[in-house]
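Chain by chain, the residues run as shown.
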Amino acid sequence: MDFKPKRPQKELKYEELRIYTDEELHNYTEEELKDFKIKHDIPDLEELEKGPWPSFVADAKREALHRKKLPKERMMIDQDVVDDLLGQLQLSFDDGETHWKHGGIVGVFGYGGGVIGRYSDVPEKYPSVAHFHTIRVNQPASKFYKTDFLRALCDLWEFRGSGMFNMHGSTGDIILLGTTTEQVEPLFYDLTHELDQDLGGSGSNLRTPSCCIGKARCEFACIDTQDLCYELTTHYQDELHRPAFPYKFKIKIDGCPNGCVASIARSDMSLIGTWRDDIRIDQEAVQAYIGGEIQPNGGAHSGRDWGKFDIQKEVIDLCPTGCMAMEDGKLVINNQECNRCMHCINVMPRALRPGTDTGVSILFGAKAPILEGAQLAVLTVPFMKAEAPYDNIKELLEKVWDWWIEEGKNRERLGELIQRKGLPRFLEVIGVPAAPQMVKMPRTNPYIFWKEEDVPGGWKRDIKDYRLRHKR
Amino acid sequence: MALSQERLGKYNPEKPTEKRITDIGPRHFWEFFPPVIQKNYGKWLYHDILEPGIMVHVSENGDKVFTVRCGGSRFMTAENIREICDIADKYCDGYVRFTTRNNIEFMVTSYEKVEALKKDLLSRKYISGSYKFPIGGTGAGVTNIVHTQGYIHCHTPATDASSMVKAIMDELMDYFTGMTLPAHVRISVACCLNMCGAVHCSDIALLGIHRKPPIVDDNIDSICEIPLAIAACPVGALSPGKTEDGRKTIKIKEERCMFCGNCYTMCPALPIADKLGDGVAVLAGGKISNRISEPKFSKVIVPWLPNNFPRFPEVVATVKKIIEVYAAEARKYERIGDWAERIGWEKFFEKCEIPFTEHLIDDYRLAYDTYRTSTQFKFTGAAWEVSRAAGGIDD
């Protein structure tokens, strides 16, 4: 197995790309850091330097010191940005209210997303963060990195921005926190020309798709999550960069029903790897689990004494469909009844493996509460093969987009449109028949919206004809 | 080629489209996979958690990759990332990975390297004493908290995230570095109902909420598109109005407001944040995974706790209490929501000593679906209080 980018990519070598010298990168001592105070009083933040968990304040302070000791001309935005960011954060604690204004329109030429305008509402106190825009950088699928890339990005962002990041934002992007309008285009130029790397999505765009670790390091993955994620991301660059939708649209890809990127809860299109043949069983390994030679669930529960592993209690009785049993010392699974919940496979990964005829279940419409309340995604296509170049998935997605663009109101998520128009209408649009798998239960009210063509003779009737049979 | 070092680099503002490169997408994932990952792609057979935070994955051709997982703060500086790179260069041939839940993963190919790496990681501390790279976050424990931006860089938050996460994880450290719980517990923080972190299916979710209706800026007519702002209200609480001097404004039926903040998202002239109004709702019992039970929403179990910066003691105490009771009471493999459903939510409130108030009963859309329509309930103190109030019992 070998995957290749769609086009040749520039090879990245930090030594060739770098901005800062080693001396500049190591420009302060532990002693200096110990005595270092930022220029504002931040008592509440200093409290957050204590305790065992990594302190973002302690981290920010070393960046502040590092910047302070760099020559001013070695940074294109203000030297004090970290000081001012922390100062404003302390003020927000004091006031119990944020001090960031509504975003303005900031972006790079030709794109309608990827940069989010951000301004301080107390610029006189914290002038260096007066203009402090966010930039979203499209992360590589499942967030593996080489240090050459990360180091170059650090230099670029320290030089043209604040040197502060989110690794990563909620949607998946690398988030660059804070730069001026002037530096956005130069940064984008080097990002694309030197790092061969593009921005992610924001606004009413396709948002940066994301995926789980997949087959790279997980035995449960049923599909090539990274490849599918990369393909959809690169194929839909226009949708990702130029707003043409009623609202945001998120695509997330989970390799199995365990759902490590939570696609079912937070993506308009959720692709979840699954299989349609039988769970593979290694009966010897089953015996090894029963005999206690292999610890259940990969040792996930080893911090406590739960007693000897009991396959009846821990696997067979917990199976939601009751499709498993021990017969003549062998584990048998009635695969026709299995709903692929993953529990038995999670508990006994060395004995049980997903089948080999794999694909995706496709669900649509998940979102957070704004506005109609939170929604989980609706199972729409029970199974679809997922093989490069994934034309079947793209075709389905485009039907969904066409309908949503046509019918969706401003700021209406796909799930809300499905709610408003009804799942039957959505099925009609994408051209699939209704199936009981799509519902928890059939409707309980009898208010069926029959169509005229459903009924013999249509709806046109003559009252005179009716009165011939029935006196008033 | 090198990164540019002039003020505007190679970008020419006179000719913005000159030599422009667009729509190239992200770097391809394959180049970032360590050789052992490339070689064994799709061939992994199983994994074992050797100790909290340390996993081995074994491939069908016998290759092994050892992963050391460390908690990180999502917000991090170039200095921090460079230190991560130093470690990755020293032990991992220059490869490193971040997880969906803001953890950092270092991968090596032999157990000997694990020991050295582990020692190195745990020796790295900030001057104030906190770990830079605590090891854990695997199996039946609490892994890192996913969270949103908060006061650090967002315009709509009702609380702060980074500080709350730090305060909670400081207290839950033993659950991060241990695997003593019945199942894994996923905690999430979102600073407002926009929920860019989509926390609504977490075992425990902390959610910033507002409690005061928006206030109207004097010159709203010059700041925002009034019809768009009015249309943004899901409960029709906004309507067009006129100021005393005849300018267009917005009238608010305050008693209708559900404090979602959607109007402020649309219109900066309707600020909703307020020091005394804002705070944190606690939700529990949600899950994402399809394992055993279906994915489900988290339920609001505490309607509001104060934004007690910087350490949110009330929030931390509530989270800790739920986890401790869950740890003591739930069955192996049972998630918090499954446990609560098995014992009944009335028992959940009793055991966790959380008061049940009318705020926890849904009265928004589809609320009736959440009402109990059976006689299957358990008696708790709350039930006796109802009976007393209704004149049903004297004791």
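Residues numbered from 1 in each chain as written. Chains lettered and ligands numbered in written order. Predicted model: local features only at pLDDT ≥ 70, side-chain atom pairs only at ≥ 80, totals over all residues. Heavy atoms only, no water.

Under the annotation held in an unreviewed UniProt entry, chain B carries the name Sulfite reductase, dissimilatory-type subunit beta and is attributed to Moorella mulderi DSM 14980.

Where an unreviewed UniProt entry is consulted, chain A appears under the name Sulfite reductase, dissimilatory-type subunit alpha, with the organism given as Moorella mulderi DSM 14980.

So, on to the overall build of chain A. The number of helices and strands found in chain A is 18 helices and 14 strands. With the C-alpha coordinates of chain A rotated into their principal frame, the extents come out at 95 × 75 × 50 Å. By sequence separation, contacts in chain A at least 24 residues apart represent 65% of the contacts at least 6 residues apart. Surface summary for chain A: the accessible area is close to 19500 Å², and the carbon and sulfur share equals 51%. (Helix = DSSP H or I, 4+ residues; strand = E, 2+ residues; numbered from the N terminus. Contact = heavy atoms within 4.5 Å. Areas by Shrake-Rupley, 256 points an atom, 1.4 Å probe, with all protein chains shown as cover.)

Per the stated rule, a full pass over the model turns up 72 salt bridges over all chains. With its nearest N and O atoms 3.7 Å apart, the salt bridge here joins A:Lys37 to A:Glu46. Residue classification places A:Lys37 among the exposed residues on the basis of a relative accessible area of 57%. Through salt bridges with shared partners, a single ionic network connects A:Asp59, A:Arg62, B:Glu83, B:Lys90, B:Asp120, B:Arg124 and B:Lys132. (Salt bridge = Lys/Arg side-chain N within 4 Å of Asp/Glu carboxyl O. Buried < 20%, exposed > 50% of the residue type's maximum accessible area, 1.4 Å probe, protein only.)

Here we come to the domain arrangement of chain B. Residue and element names in this part refer to chain B. Entries for chain B in the domain assignment read domain 1 (33-123), domain 2 (146-211 + 275-390) and domain 3 (220-266). On a C-alpha basis, the centres of domain 2 and domain 3 stand 32 Å from each other. Tallying the contact residues gives eight residues for domain 2 and seven residues for domain 3. By the criterion of area lost to domain 3, the three top residues of domain 2 are Leu193, His210 and Tyr364, representing 48% of everything that side buries. Applying the counting criterion to the domain 2 and domain 3 interface returns zero salt bridges. By residue class, the composition of the side of domain 2 that touches domain 3 is two nonpolar, four polar and two charged. (Domains from an automatic or database assignment. Buried area = accessible area lost by both parts, 1.4 Å probe. Nonpolar A, V, L, I, M, F, W, Y, C, P; charged D, E, K, R; others polar.)

Our next topic: a negative patch on the surface. Side chains of A:Glu395, A:Glu398, A:Asp402 and A:Glu406 sit close together on the surface and give a patch of like negative charge. Position of A:Glu406 relative to the elements: it lies in helix H15 (residues 391-407). (Patch = residues over 30% accessible without salt bridge, like charges linked within 9 Å, V, L, I, M, F, W, Y side chains within 5 Å. Lys, Arg positive; Asp, Glu negative; His and termini not counted. Charge placed at Lys NZ, Arg CZ, Asp CG, Glu CD.)

Here we come to the confidence of the model for chain B. With 100% of its residues at a pLDDT of at least 70, chain B reaches an overall mean of 96. Among the prediction metrics, the complex's ipTM stands at 0.97, with pTM recorded as 0.97. (pLDDT = per-residue confidence, 0-100.)

All names here are of chain A. Regarding helix H16 (residues 414-421), the residues found buried are Leu414, Gly415, Glu416, Leu417 and Ile418. Residues of H16 that are buried make contact with strand E13 (358-364), H15 and helix H17 (423-430). Just downstream of H16, Gly422 is the residue with a positive phi angle, here 95°.

What follows deals with empty space enclosed by the protein. Residues and elements named next belong to chain A. The tally for this structure, following the rule as stated, stands at eight cavities of 30 Å³ or more. Looking at the second largest cavity, its volume works out to about 110 Å³. Cys319, Cys338, Cys341, Met342 and Cys344 are the residues nearest the centre of the second largest cavity, which is lined by 16 residues in total. No other element matches helix H14 (residues 343-347), which puts three residues into the lining of the second largest cavity. Tallied by class, residues from the lining of the second largest cavity come to twelve nonpolar, three polar and one charged. (1 Å grid on protein atoms, 1.4 Å probe; cavity = no way out; pocket = protein on both sides within 12 Å on 5 of 7 lines; lining within 4 Å. Points joined across faces, edges and corners; volume = space filled by probe spheres on them.)

On to the environment of B:Cys233. As for its position among the elements, B:Cys233 is in the loop between helix H7 (226-231) and strand E10 (238-242). In this structure B:Cys233 comes out as buried when scored by relative accessible area, which is 16%.

What follows concerns the nonpolar core. Counting residues in each nonpolar core, the largest one holds 114 residues, and the members touching the most others are A:Phe165, A:Phe249, A:Met269, A:Leu271 and B:Phe106. Apart from residues no more than four positions distant in its own chain, B:Phe106 is found in contact with B:Phe66, B:Thr67, B:Val68, B:Cys70, B:Ile84, B:Ile87, B:Ala88, B:Cys92, B:Val96, B:Leu117 and B:Leu121. Counting 79 residues, the second-largest nonpolar core is a separate cluster that includes A:Tyr28, A:Leu48, B:Val185 and B:Ala327. (Core = buried A, V, L, I, M, F, W, Y, C linked by side-chain atoms within 4.5 Å.)

Residue and element names in this part refer to chain B. In terms of burial, helix H10 (residues 336-343) is a largely internal element, six of the eight residues being buried. Restricting attention to buried positions, one finds in H10 the residues Ile336, Gly337, Asp338, Trp339, Ala340 and Ile343. In this structure, the buried residues of H10 make contact with strand E9 (204-209), helix H9 (313-329) and helix H11 (345-352). Immediately downstream of H10, the backbone of Gly344 shows phi near 95°, a positive value.

Now for the packing of aromatic side chains. Under the definition given, this model contains 41 aromatic pairs over all chains. Relative to A:Phe149, the ring of A:Tyr145 lies with its centre 5.9 Å away and its plane at 10°, an arrangement referred to as stacked. Its relative accessible area of 0% is what places A:Tyr145 among the buried residues. By the ring-pair criterion, three or more aromatic residues cluster together here, those being A:Phe3, A:Phe144, A:Tyr230, B:Phe29, B:Trp30, B:Phe33 and B:Tyr41. (Phe/Tyr/Trp six-rings, centres within 6.5 Å; stacked < 30°, edge-to-face > 60°.)

Counting residues at the interface gives 162 residues for chain A, matched by 146 residues for chain B. Of the roughly 14100 Å² buried between chain A and chain B on both sides combined, carbon and sulfur atoms contribute 58%. If you sort the residues of chain A by the area they bury against chain B, A:Trp53, A:His102 and A:Arg217 come out on top, with a joint share of 7%. The tally of links between chain A and chain B comes to 15 salt bridges. In this structure, B:Arg311 engages A:Glu47 in a salt bridge whose closest nitrogen and oxygen atoms are separated by 2.5 Å. The tally of links from chain A across to chain B stands at 93 residue pairs in polar contact (both at pLDDT 80 or more). (Polar contact = N/O pair within 3.5 Å; in protein donor to acceptor, adjacent residues only side chain to side chain.)

All names here are of chain A. Mapping Glu24 onto the fold places it in helix H2 (residues 22-25). Taking the relative accessible area as the measure of exposure, Glu24 reaches 14% and is therefore buried. When near neighbours in sequence (up to four residues on either side) are disregarded, Glu24 contacts Ile19, His66, Leu70, Pro71 and Arg74.

Looking now at a nonpolar patch on the surface. The grouping of A:Ile448, A:Trp450, A:Val455 and A:Trp459 at the surface amounts to a nonpolar patch, some 430 Å² of accessible area in total. Residue position: A:Trp459 is located in the loop between H17 and helix H18 (463-469).

A separate point is the sheet that holds E9(B). Residue and element names in this part refer to chain B. Ordered by their spatial adjacency, five strands build an open sheet running E7-E8-E9-E12-E13, and the pairing between neighbours is mixed. Every interior strand has two partners, whereas the edge strands, strand E7 (146-147) and strand E13 (299-306), have only one. The strands that H9 touches are strand E8 (187-190), E9, strand E12 (279-284) and E13; relative to E13, the one it contacts most, it runs at about 150°. (Pairing = 2+ DSSP bridges. Axes fitted to C-alpha atoms, helices over the stretch in contact; angles between N-to-C directions.)

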